[in-house]
Amino acid sequence: DAGVIQSPRHEVTEMGQEVTLRCKPISGHNSLFWYRQTMMRGLELLIYFNNNVPIDDSGMPEDRFSAKMPNASFSTLKIQPSEPRDSAVYFCASSPSREAFFGQGTRLTVV
Amino acid sequence: GESVGLHLPTLSVQEGDNSIINCAYSNSASDYFIWYKQESGKGPQFIIDIRSNMDKRQGQRVTVLLNKTVKHLSLQIAATQPGDSAVYFCAENSGQNFVFGPGTRLSVLP
């Protein structure tokens, strides 16, 4: 298995633009997590899904952030409009039961 | 005002020595714990896990110790190698959600 696949690896965008981050979890894993990592706050959970259903989105910073999981093999995290303070590395992770396996992350820079 | 970045504790260890990385967790209901290793530019990588009904678990060159009384975890790395240089995170789980600690940077000196 190729592991959790995220795209793009790097994204540079201008403030106000829409940004979409993509994640393909490991096949057979029924939980999917989106994390954000910054120097200020470390690793923060944004949202997680179980069997494609959002379970806890309390970590989503504000309404500009939204996440979807239309099927078991794909999820997106969208920021609209983006702001410079959204600059971070965004990780997707999937889990078959308890342990979570992380993708390589998307480094987002909003200028 | 001036912003302050997250200050990661740093552990510097001589190559070949043993390393001990500590972590305090907050939720007494957490029943599953994982140690992750994160190298520069990569995602966190699973190292070893332990359930709350155990107090010790060993892997290859790594040992995790769990003290539920004081809510403390430690990761011991035997014969530390240059490739062990990374940031190490503990994560606690009390259901489906993982909560990560701030991390410790391990620096292996030649």
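Just so you know, these numbers come straight off a predicted model, no measurement behind them. (Residues numbered from 1 in each chain as written. Chains lettered and ligands numbered in written order. Predicted model: local features only at pLDDT ≥ 70, side-chain atom pairs only at ≥ 80, totals over all residues. Heavy atoms only, no water.)

### With respect to the state of the cysteines
Residues and elements named next belong to chain A.
And then number 1: Counted by the stated rule, this structure contains two disulfides over all chains.
And then number 2: Here cysteine 23 pairs with cysteine 92 through a disulfide, and the sulfurs are 1.9 Å apart. Judged by the sign of its S-S torsion, about -65°, the cystine formed by cysteine 23 and cysteine 92 is left-handed. With cysteine 23 in strand 3 (residues 19-24) and cysteine 92 in strand 9 (residues 88-95), this pair connects stretches of sequence that are 69 residues apart. (Disulfide = S-S within 2.5 Å. Helix = DSSP H or I, 4+ residues; strand = E, 2+ residues; numbered from the N terminus.)

### Quick word on the sheet that holds strand 6 (residues 62-67) of chain B
All names here are of chain B.
And then number 1: Ordered by their spatial adjacency, four strands build an open sheet running 2-7-6-5, and the pairing between neighbours is antiparallel. If you trace the sheet from one side to the other, it starts and ends with strand 2 (19-24) and strand 5 (56-58), each paired once. Each strand of the sheet is rotated relative to its neighbour by a mean of 15°, with strand direction disregarded.
And then number 2: In the sheet, strand 6 pairs with strand 7 (residues 72-77) via six bridges, with the strands oriented antiparallel. For asparagine 67, the partnering residue across the bridge sits in strand 7 and is histidine 72. (Pairing = 2+ DSSP bridges. Axes fitted to C-alpha atoms, helices over the stretch in contact; angles between N-to-C directions.)

### Brief notes about the side chain of Thr80(B)
All names here are of chain B.
And then number 1: For threonine 80, the location among the structural elements is in the loop between strand 7 and strand 8 (86-93).
And then number 2: Of the polar contacts made by the side chain of threonine 80, one reaches the side chain of serine 19; its length is 2.7 Å.
And then number 3: Apart from the residues within four sequence positions on either side, threonine 80 is in contact with Val13, Glu15, Gly16, Asp17, Asn18, Ser19, Arg61, Leu106 and Val108. (Polar contact = N/O pair within 3.5 Å; in protein donor to acceptor, adjacent residues only side chain to side chain. Contact = heavy atoms within 4.5 Å.)

### As for the pairing of strand 8 of chain B
Residue and element names in this part refer to chain B.
And then number 1: Strand 8 sits mainly inside the fold: eight of its eight residues count as buried.
And then number 2: Side-chain alternation along strand 8 places Ala86, Tyr88, Cys90 and Glu92 on one buried face and Val87, Phe89, Ala91 and Asn93 on a second face that is also buried.
And then number 3: Inspection of the sheet shows strand 3 (residues 32-38) paired to strand 8 by seven bridges, in the antiparallel sense. Among the inter-strand pairings, phenylalanine 33 is bridged to a residue of strand 8, identified as glutamate 92.
And then number 4: Both strand 8 and strand 10 (residues 104-109) contribute to a ladder of three bridges, which runs antiparallel. Paired with valine 87 across the bridge in strand 10 is arginine 105.
And then number 5: Here three bridges tie strand 8 to strand 9 (residues 98-100), and the two strands are oriented antiparallel to one another. Bridge assignment links glutamate 92 to a residue of strand 9, and that residue is valine 99. (Buried < 20%, exposed > 50% of the residue type's maximum accessible area, 1.4 Å probe, protein only.)

### Some points on the interface of chain A and chain B
And then number 1: Listed per partner, the contact involves 22 residues of chain A and 22 residues of chain B.
And then number 2: Interface of chain A and chain B: buried area, both sides summed, is about 1,900 Å²; carbon and sulfur atoms make up 53% of it.
And then number 3: At the surface where chain A touches chain B, the tally comes to seven residue pairs in polar contact (both at pLDDT 80 or more).
And then number 4: Contributions of two or more residues to the side of chain A that touches chain B are made by strand 4 (31-38), strand 5 (42-50) and strand 6 (53-56) of chain A.
And then number 5: It is strand 5 of chain A that provides the largest number of residues to the side of chain A that touches chain B, a total of five residues. (Buried area = accessible area lost by both parts, 1.4 Å probe.)

### Focus on the environment of Gly103(A)
Residue and element names in this part refer to chain A.
And then number 1: Take glycine 103: it is sitting in the loop between strand 10 (101-102) and strand 11 (106-110).
And then number 2: Residue classification places glycine 103 among the buried residues on the basis of a relative accessible area of 2%.
And then number 3: Sequence separation between glycine 103 and proline 25 is 78 residues; the distance between their C-alpha atoms is 8.3 Å.

### Details of the pattern of salt bridges
And then number 1: In the structure shown here, the tally under the stated rule is 12 salt bridges over all chains.
And then number 2: In this structure, Glu62(A) and Arg64(A) form a salt bridge, with 2.9 Å as the shortest nitrogen-oxygen distance.
And then number 3: Since its relative accessible area comes to 27%, Glu62(A) is described here as partly exposed.
And then number 4: The shortest N-O distance in the salt bridge between Asp31(B) and Arg98(A) comes to 2.6 Å. With Asp31(B) in the loop between strand 2 and strand 3 and Arg98(A) in the loop between strand 9 and strand 10, this pair bridges two chains.
And then number 5: Taking relative accessible area as the criterion, Arg98(A) reaches 16% and is therefore assigned buried.
And then number 6: Overlapping salt bridges bring together Glu62(A), Arg64(A), Glu83(A), Arg85(A) and Asp86(A) as one network. (Salt bridge = Lys/Arg side-chain N within 4 Å of Asp/Glu carboxyl O.)

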